[in-house]
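One-letter residues, chain by chain:
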Amino acid sequence: MNPRPLAVQWRLPVLAAGGFALVSGLYAALLLLGLPVPAPHVPLEQVHGPLMVLGFVGTLVALERAVALGTRWALLAPACSGAGAVLLVLTGPSLPGRLLLVLASVLLLLIYQRLWWRQPGPALLAQVTGALSWYAATLLWLAGLSVPEIVPWLATFVVATIAGERLELAHLTLPRHGVGWFLAALGMLTAGATATALWPAVGAYLFGVGLLATVAWLVVCDVARRTVRAVGLPRYVAVGLLTGYAWLALAGLLWAGAGPVTGGSRYDATLHLVFLGFTMSMIFAHAPVILPAVLRRPLPYGPWLYAPLALLHTTLTIRVLVGDVLGVPAGWRWGGVGNVLAVLGFVGGVVAALVRAARRRTRTAVVPPVVPAVR
């Protein structure tokens, strides 16, 4: 017997909390960039990373998995991550906010347990690995490690989750030994993240190699290599995915070639290659597919979707190449501002497209069909 789908009104508050985490994280980014914006009473800059990765991305992932499971209790996972993000905004890196993020990861693991009973497989195993990485990151944060020190675990959460979802779509066209290659890359990635907490120097190199192995699998096996030659939405999704993989490969090269980093320009570059270049590209690309499933509202494809995607990649190039590599502060600052505008532009465009689609449905429902007169 299939579970009844979760009502949309149960999902909207959770989605709103994730949106609040995103806006707050972007505001913290402006503070970190040194813009003259009003500073809150709490140290919002200290929770910028957790807000963006766990409060926003984590809430979206947990909400999508809760909808897939179809039971009300599963909404507790994204609700806890959303509530934890709200507490981080109100109180800074306080214990209650961090505990809620730990609880969210535990509940997400319980969701995956139920999904595993339905259909186990390597794709779901990768997503479970992502949830375990979320759990490890928050535990280490509770134990006193700084946010830069838990970045490999946060990156593993994002990369393993997305790679698992891409494996689900690629399983029918996988080359020989494709699954074995995928599992080897996933194991190397997880081993590298684990080693960074024990032997930071060795772990960073191994983690970088794991990222490169994962990117190589994605580039060779992902269906995006074929759909990029299509038109419309399939082509847009493929463009977003392939450009995201390119940024992730650069991050892997920085880790594998230069070792551990927790500050300075290389840290800024590595961090934003993963969480802006890769992660935001994935969100931009998957939104037209995931949001309709979560909201039960269509998100019509339009060429406008390319505009925020192009702005994201252009401004990230300026930030990394001009700001971080060449050491030009203005390039770093205004590239960062462009990153914020790209994300806000995408969110605004999505909201506007959803509203327009809803209005068209309303007009269609109100206006009765014209019936020709019978003579």
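Residues numbered from 1 in each chain as written. Predicted model: local features only at pLDDT ≥ 70, side-chain atom pairs only at ≥ 80, totals over all residues. Heavy atoms only, no water.

**Student:** What am I meant to see in the overall build of the protein here?
**Tutor:** A tally of helices and strands in the protein yields 13 helices and 0 strands. Mapped from its N terminus to its C terminus, the protein presents α and β elements in the order α-α-α-α-α-α-α-α-α-α-α-α-α. Each principal axis of the C-alpha distribution contributes one length, and for the protein these read about 85 × 55 × 45 Å. Of all 375 residues assigned to the protein, the portion counted as buried reaches 51%. For the protein, the proportion of contacts with a sequence separation of at least 24, taken over those separated by at least 6, is 73%. Within the protein, one finds 24 positive and 8 negative side-chain charges whose respective centroids are separated by 17 Å. (Helix = DSSP H or I, 4+ residues; strand = E, 2+ residues; numbered from the N terminus. Buried < 20%, exposed > 50% of the residue type's maximum accessible area, 1.4 Å probe, protein only. Contact = heavy atoms within 4.5 Å. Lys, Arg positive; Asp, Glu negative; His and termini not counted. Charge placed at Lys NZ, Arg CZ, Asp CG, Glu CD.)

**Student:** Whenever I open this one, helix H12 (residues 306-325) confuses me. Can you help?
**Tutor:** Helix length check: H12 (20 residues) gives 27 Å between terminal C-alpha atoms against 28 Å at 1.5 Å per residue, within 8%. Downstream of H12 by one or two residues, glycine 327 has phi in the positive range, about 75°. (Expected span 1.5 Å × (residues − 1).)

**Student:** Before we go on, may I ask you to explain a nonpolar patch on the surface in this structure?
**Tutor:** A contiguous nonpolar patch, built from Trp116, Trp117, Leu125, Val179 and Leu183 and spanning about 460 Å² of accessible area, is present on the exposed surface. Only helix H4 (95-118) and helix H7 (178-198) provide two or more residues apiece to the nonpolar patch. Mapping tryptophan 117 onto the fold places it in helix H4. (Patch = residues over 30% accessible without salt bridge, like charges linked within 9 Å, V, L, I, M, F, W, Y side chains within 5 Å. Areas by Shrake-Rupley, 256 points an atom, 1.4 Å probe, with all protein chains shown as cover. Salt bridge = Lys/Arg side-chain N within 4 Å of Asp/Glu carboxyl O.)

**Student:** Teacher, can you tell me more about the side chain of aspartate 324 here?
**Tutor:** By secondary structure assignment, the location of aspartate 324 is in helix H12. Despite being buried, aspartate 324 has no salt bridge partner; arginine 319 is the closest side chain of opposite charge, sitting 5.0 Å away. For aspartate 324, the side chain forms a polar contact with the main-chain nitrogen of alanine 269, separated by 3.5 Å. Contact partners of aspartate 324, with chain neighbours within four places excluded, come to Ser265, Asp268, Ala269, Arg319 and Trp332. (Polar contact = N/O pair within 3.5 Å; in protein donor to acceptor, adjacent residues only side chain to side chain.)

**Student:** Sorry if this is basic, but what is going on with the pattern of salt bridges here?
**Tutor:** Opposite charge on two side chains makes pairing possible when the charged atoms of those side chains draw close. Evaluation of the coordinates by the stated rule reveals 3 salt bridges. Across the pair aspartate 222 and arginine 166 runs a salt bridge, and its minimum N-O distance is 2.8 Å. With aspartate 222 in the loop between helix H8 (200-221) and helix H9 (224-227) and arginine 166 in helix H6 (residues 151-170), the pair connects residues that are 56 residues apart, well separated along the chain. Assessed through its relative accessible area of 1%, aspartate 222 is described here as buried. According to the relative accessible area criterion, arginine 166 is buried, its value standing at 4%. Two residues, aspartate 268 and arginine 319, come together in a salt bridge whose shortest N-O distance is 2.9 Å. With a gap of 51 residues between them, aspartate 268 in helix H11 (residues 264-295) and arginine 319 in helix H12 connect regions that are remote in the sequence. We classify aspartate 268 as buried; its relative accessible area is 10%. By relative accessible area, which is 6% here, arginine 319 ends up buried.

**Student:** Sorry, what's going on with the nonpolar core here?
**Tutor:** One broad rule of soluble globular proteins: the nonpolar side chains tend to lie buried together. Core analysis: the largest hydrophobic core is formed by 116 residues, its most contacted members being Phe275 and Met280. The dominant element in this core, judged by the number of residues it contributes, is H11, at 17 residues. Once residues within four sequence positions are removed from consideration, phenylalanine 275 is found in contact with Val53, Val151, Leu154, Ala155, Val158 and Met280. (Core = buried A, V, L, I, M, F, W, Y, C linked by side-chain atoms within 4.5 Å.)

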